[in-house]
Every structure is written in C-alpha cells, then in structure tokens.
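Now for the letters of each chain:
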Amino acid sequence: MVPGPKNQIGEICVVICGLLFTANLTIAQTVTVDAAPSHAANTFSPVRSLGAAIDRLRTGTPDHVLTDPVLKEILDAGWQTVTYRQNTELMVEAWHWNPHGTWSDAEKQQGYFVGKAEPTTDMIRHSWASPLPHRGFSRGDGNGWSRLTDGDPKSYWKSNPYLTKTFTGEDDSLHPQWVMIDLGSKIPVNAIRIAWAEPYAKHYSVQFWTGELEPFYEGTTKGTWQTFPLGANTEGRGGTVTLKLVSWMIPVRYLRIWMTESSNTCDSHGSADKRNCVGYAINELYVGALSADGQFNDYVTHFPSRNQTVTWPSSVDPWHAASDMDESRGDQVGFDFFFTCGVTRGLPTMVPIAMLYSTPEDAANEIAYLYKRHYPISWIEMGEEADGQHMLPEDYGALYVQFATAIHRLVPEAKLGGPPFEGTFEDVEVWPDAAGKVSWLGRFIDYLKARGHLNDFTFFSFEHYPYQDKPTYSWADLYPEPEYVRHIVQVWKDNGLPPNIPFFMTEGNIGGGAGPSTVKSALWLADYVGSMMTAGAGASYFFHYMPYPAQFNGFLMLDENYNLKGYPPQYLATQVITKEWVQPVDAQHKLFKVSSDVTDAAGALLVTAYAVERPDGLWSVMLVNRDQYNDHTVKVVFSDPETRRDRHFSGQVDRITFGPAEYLWHPEGERGHADPDGPPSKSKISGGPEMLYKLPMASITVLRGSIGNQ
C-alpha cells in the first residue's frame, strides 16, 4: 500500500522521536571526585570499620546460626568486625552475662546480682535476663508492664538507687526522679491519688503537660510541665494520699510526679542493703475527679498487662530475684561462645555493659572477665539507648561516672563511650534545664566536664533507622539518606561533641519495609554506608545480620530447618561494598567526596557516588543509581582543585553491577523466591577521558581501576 500523508507524518515522528530518545540516553552527565590528596574526607580500614551488629537471638537459634554451614554463609557476605548489642536494657531486664555470681541477699537468692570476674573451665555459652519486678514502663520491647497501674497494691515501682546522694555524692535535688502518666486523651481532672511505697517522696510536685504533642520526641520542646495550682507538696508523709490539684477542672492527657527529696526509708526488702532505703517507690497511681463530697472518680485503667494506662519512669531499680529469670525471652549469647564460634573473625570487638539496670561491680567484672580471657576488645559501649528510655542526660552521666570508675579500677585501659542514641534525624532534645538547654548530648558532655570525667568518654555512638516506624517506603524515600547522615553528624558536632574522639554508627538499617521483593533496601545500604563513612565515621555496623528460619526478610533466606533458600538484596549489596568497592584487607583506604549533577526535574539527586583510593593503588567509585525507571550515562572525573588538573580512569576498568538484572523476585505467596539472586555481574571496560559509563536503573555499580595523568 502506498503510504498516505498521515502515515508519512507518523513515520517521520517515530524516526525523530527515536533519535531524540537515543540522544537522551547518550547525553552524559558528570560525577566528579574531589581527588586532591589533602581533601580526603576519611581514612579507614574496611576490616575494622565496616561491620555488623549481633543482638539477642531467639532462644534455641544461636547453635544454628553461629555454626556452619549458616555461619559460613553469613561471613561470606563480607562484613568484618562486629559489635555485640545489649538488648536486655530495652526489655527492662537485669542481664546475667555470667550465670555464675553472687546475690546481695544470698540466702534468698535475690537482690543485686554480680557476675564472677574470674574465668573457669566452664564456657559461657548462653546468657539470660530477668524482667525487673519494680519496673515502671508500660511500653518498650518485650511484653512487660508497669507496676504503677497494674492493680496490685503490693507491687511497686522503685527508682534506681545509684541516682541518689548515697552513690552520686550529689544532692538528690540534682537528680529528680519522676513518673509520667498518659491518660490516652485529654480528660478534665482535678485530683490524683498516690499509694506511696517505701521510700516515699517528702518533696514532690504534680504537674501537667501544656503541649498538644507527647512530651517525648516530637513534643519535647513544644510544651512545658506546669505544676498544678495545688500540686506542690513539701511535707510528704507517705501512705495513700488523695490530693486535690485544682479547685476547677483542667483537661490534661499527660501528668508527671516530680520527686526531689526522699524519705530514705527502707522498702519491702529490708534494711540490710542501703540500696533498699534510697530513692522513691510507688505502689499504684490513680488520676481523676474529686467531687465536693470527697468521692474520687478514677480514670486510670489498672491491669497487669499492656492494656493498663501507660506510665513512664525516670529510672528503675535493678533489684530482682532468681525466680524472675525467664529463658524464653531470648538468648543474649554467651560471651565465650560468641568469641570462639568464629563470628568475630578474631578481630577486636565492641562489647556493651548493662548500665541502666545493673550495678557498677557487675559491669566491671564483665570487662575484667573478657580481658582475663584475652578476647580482643576494641571499645566498650555504656548502656543501651538511654534516650529511648527517656533518661535525662544528667542521670545517665551520674551512672556513667560510677560505672567508668568501677571498670577502670579493674581494667584501666578499657576505652568507654556511648550513649548509644537510638536513632534520629535531628538532635536528641530533652526538657530544658535551668539554663534552658535542651540538647541531650550537650548536657551529658557538660556533666562529665564539670566533674572532671570527660577523659572517660573516648567515643560517641548512635544507631540509625531512618524508616523504623514505616510499614513500607517509596523510592523517593531513598533520596534523603546522604543529607540525613550529613545533617545529624553536624548537629552533634555543633552541640559539643569533642572533635578529637571518634564516632560510630553501632547499629542500623533502613527499618520497616525492607523486604526481599525489590532492590530498594540494597540501594539504601550502599548509600548509607558511603554517606556514613564520608561523614567521618570511625565505623558503621549493619543490623539484622543474624537470619532466622522461615523468615524471608532477613539477611539470608532460610527454611524452617536452617537450609539456605536464597540471598536477599542486602546480602548481595554487602558483597559489592565489602569485596568490590573496598579492598578486603586491614589497610588504610582514603575516602574522597564526590559530586553528581544527575538530577530529576525537581532537583532530586538520582545518582550518588563514593570514591576510595585503595591500598592496592586502584581508585574505586561506587555509584548508586536511585532512579527506579531509567538508566543513566555518566562521565567520571577525578578533579584536583589544588593543581587544577582533571584525571580519568585509564586502561582496563573493572565494572561490577548489582540491580534488577541480577535480582528478580517472583511472588508466589509463601513460596515467593528470587531468580536470579545474584551474583553481581562483572565485566571489564576501557577507561579514558571520553569514556561514558552506563548505570542501569535501580542499581549499584562499582568502577575500579587506575587513573591516568591527563
């Protein structure tokens, strides 16, 4: 058929549009490495700086995942050093790192437990924890509940004795203890009933929160704690007291009892141990309305479960009994098994001590035990997520000084630090002090300085979970990661982080939604590791390192019998990072900042890059194409602003890529699987000033080679 005018126009359009599309694909944008030798952003050894975190494991699983063949698969990913996480404090438990030890009340097997520092022929293969019976938290990890609203008049919350003058040497008013009640919504109230236990508060104030947001996290500085008109009490006598707080009704959701002077009377455990006779204790709390005839209407739900009205305390007494031990809640992994099973590779390991719910003697014995066993220890992390448990920085500082003193008495060379923060995009802020200061880190450092203990703070640590609370995330959520990292590190520096101490990201992952169906989590991982090391981190530790059977969103896919079923995206990305981008040797790599002009129409950066000069003399650039739908073609320029000279890859260049072509998920319900599931593809190409490097959509690409002298 002879083509008509409309057909001719259509064919011309197809040709022109095709040419334009092809031209668009070949338009190179530029990735520029600031390669001036004096501009290195960080220098690190991958063996000591790129690691993974190991937390409490489900009861019965350590013998499977920390032995071959599963352990071999885990190690083959390439993470090197490890940090041992201390999960028991998140569960509000006393951790028995050593099952052998002594009780302060030996006859009744209760009180304060101190593990033995002297090693024996017995190997510690498992370690367990005891839920604290004087807990005041209604939330947190695990399944515990508060004793403040459990309906049991005999149970009680008690504050940590190590925050009293007996142990701090400071007046108790410098370390106020408090409990907070969340009524769930604003309710008009005018009264509170407090069933005090021993010791009770002689001086205390009942306060309400004026902000619309919760008093922690988002609302910390968006409201104030205001004492009820009749809420101040300077003549507390204990017992059960009903206090009229105001002569009218005030709608409140959050209330706080702020305690500044104790009766120093002894609790139900007797007077033999001075720890039983300091601090504050409450049996039960009631909040509601007091009628003119004295009738009290209680709005609190009293129940021994998480269905109770929510309460939060400032601290918890670590007193417990042997009968509280619960091995079903998870295995913290015994230190001897941990250090001898092979998971540490024999490298120096960061280890924790329990601090929020332990004793200085127990923590010191733990570190002494590890040193006597001659296990290689790099750093010691003091406690676990004090900010997430709403501990004020001065209280954390008071514990820090006591525990550091005890540890250094037995192991003078131990290097201590922390806190670690649980992870945030912004500064960790707390209720303002008398000077109006709200920075948690700044106030903690001020506390150590004022007491001459800043030399005990040898590193700063934090966690990183940008999407922990999201059930899923979009591709656009990948874009902010480098700026999140850069910003928060700068915030901490601005708030007084000493410039001469290293900082470590000791536990992190993308958080919710990191399933195996796409490579999103892999791209995030490459971006985050590159960003964190560019920001100057001393080390970065990947979390969710340990897989679980029949759980396909872990680091490895295992069936119910621990047989390998596949490699998820983050496992394969790890291999690219640890075996291709960096040289897997204990030698210094110099990392340089990289800029990119590959953006979308809204200005979002689509291609990020991270460059290292390796000890083998090669330059390696890891490029992350975060564009879900489009390939991009880039030039790579090594620029030296000092000499005003540009250089490029020359000769043969190794190209390693991981993306959708190397990983494809097949959804088949519970039988979903990836095929292929790696390995990353490898090829060799020629470098040169005019060379264009294609970056497949949604991929990680490493370019590695020598650079010329152009």
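Above this text sits the structure in question.
So, the pattern of salt bridges
For step 1, the next point in the chain: All chains considered together, the criterion is met by 29 salt bridges.
For step 2, the next point in the chain: Between Arg-56 and Glu-93 there is a salt bridge whose closest N-O contact spans 2.7 Å. Here Glu-93 lies in strand S5 (residues 93–96) and Arg-56 lies in the loop between strand S3 (50–54) and helix H3 (62–65), a separation of 37 residues in the sequence.
For step 3, the next point in the chain: Judged by its relative accessible area of 1%, Glu-93 falls in the buried class.
For step 4, the next point in the chain: Note that Asp-527 is salt-bridged to Arg-626, the shortest N-O span being 2.7 Å. With Asp-527 in helix H11 (residues 520–534) and Arg-626 in the loop between strand S31 (619–625) and strand S32 (632–640), this pair connects stretches of sequence that are 99 residues apart.
For step 5, the next point in the chain: Taking the relative accessible area as the measure of exposure, Asp-527 reaches 1% and is therefore buried.
For step 6, the next point in the chain: A network of salt bridges, in which partner residues are shared, links Arg-85, Glu-381, Glu-384, Glu-463 and Glu-507.

Focus on the packing of aromatic side chains
For step 1, the next point in the chain: For the structure on display, the rule yields 48 aromatic pairs.
For step 2, the next point in the chain: Aromatic pair Trp-95 and Phe-335: ring centres 5.8 Å apart, planes at 55°, arrangement tilted. Highlighted residues: Trp-95 in strand S5 and Phe-335 in helix H6 (residues 335–340), separated in sequence by 240 residues.
For step 3, the next point in the chain: Judged by relative accessible area, Trp-95 falls into the buried class, the value being 4%.
For step 4, the next point in the chain: Of the residues examined, Phe-335 reaches a relative accessible area of 0% and is grouped as buried.

Thoughts on the state of the cysteines
For step 1, the next point in the chain: Taken as a whole and judged by the stated rule, the model has 1 disulfide.
For step 2, the next point in the chain: What pairs with Cys-266 in a disulfide is Cys-277, and their sulfur atoms sit 2.0 Å apart. Taking the sign of the S-S torsion, about 100° here, the bridge from Cys-266 to Cys-277 comes out right-handed. Residue Cys-266 is located in the loop between strand S15 (250–262) and strand S16 (281–290), and its partner Cys-277 is located in the loop between S15 and S16; the two are separated by 11 residues in the primary sequence.
For step 3, the next point in the chain: Cys-266 gets classed as partly exposed once you look at its relative accessible area, which sits at 28%.

Concerning the side chain of Asp-559
For step 1, the next point in the chain: Relative to the helices and strands, Asp-559 resides in the loop between strand S26 (557–558) and strand S27 (564–566).
For step 2, the next point in the chain: Within the buried core, Asp-559 has no salt-bridge partner, and the shortest N-O distance to an opposite charge, that of Lys-565, equals 4.9 Å.

Brief notes about the packing of helix H8 (residues 393–410) against helix H9 (residues 440–450)
For step 1, the next point in the chain: Taken N-terminus to C-terminus, the directions of H8 and H9 make an angle of 40°; their axes are 8 Å apart at the nearest point. Here H8 lies oblique to H9, going by the angle between them. The interaxial crossing formed by H8 with H9 has right-handed handedness. Contacts between H8 and H9 pair Pro-393, Glu-394, Tyr-396, Gly-397, Ala-398, Tyr-400 and Val-401 from the former with Trp-440, Arg-443, Phe-444, Tyr-447 and Leu-448 from the latter.
For step 2, the next point in the chain: For the contact of H8 with H9, the class distribution of residues is 9 nonpolar, 1 polar and 2 charged.

Structural notes on unusual backbone geometry
For step 1, the next point in the chain: The step from Glu-198 to Pro-199 runs through a cis peptide bond, and the omega angle for that step is -5°.
For step 2, the next point in the chain: Within the fold, Pro-199 resides in the loop between strand S11 (191–196) and strand S12 (201–209).
For step 3, the next point in the chain: If you check the backbone angles, Tyr-217 has positive phi at about 60° while not being a glycine.
For step 4, the next point in the chain: Considering the arrangement of structural elements, one finds Tyr-217 in the loop between S12 and strand S13 (225–233).
For step 5, the next point in the chain: The backbone of His-374 shows a phi angle near 65°, a positive value even though the residue is not glycine.
For step 6, the next point in the chain: If you trace the backbone, His-374 turns up in the loop between helix H7 (360–372) and strand S21 (377–382).

Rules used in this analysis
Residues numbered from 1 in each chain as written. Predicted model: local features only at pLDDT ≥ 70, side-chain atom pairs only at ≥ 80, totals over all residues. Heavy atoms only, no water. Salt bridge = Lys/Arg side-chain N within 4 Å of Asp/Glu carboxyl O. Helix = DSSP H or I, 4+ residues; strand = E, 2+ residues; numbered from the N terminus. Buried < 20%, exposed > 50% of the residue type's maximum accessible area, 1.4 Å probe, protein only. Phe/Tyr/Trp six-rings, centres within 6.5 Å; stacked < 30°, edge-to-face > 60°. Disulfide = S-S within 2.5 Å. Lys, Arg positive; Asp, Glu negative; His and termini not counted. Axes fitted to C-alpha atoms, helices over the stretch in contact; angles between N-to-C directions. Parallel < 35°, antiparallel > 145°, perpendicular 65-115°, else oblique. Left-handed = near helix turned anticlockwise from the far one by under 90°. Contact = heavy atoms within 4.5 Å. Nonpolar A, V, L, I, M, F, W, Y, C, P; charged D, E, K, R; others polar.

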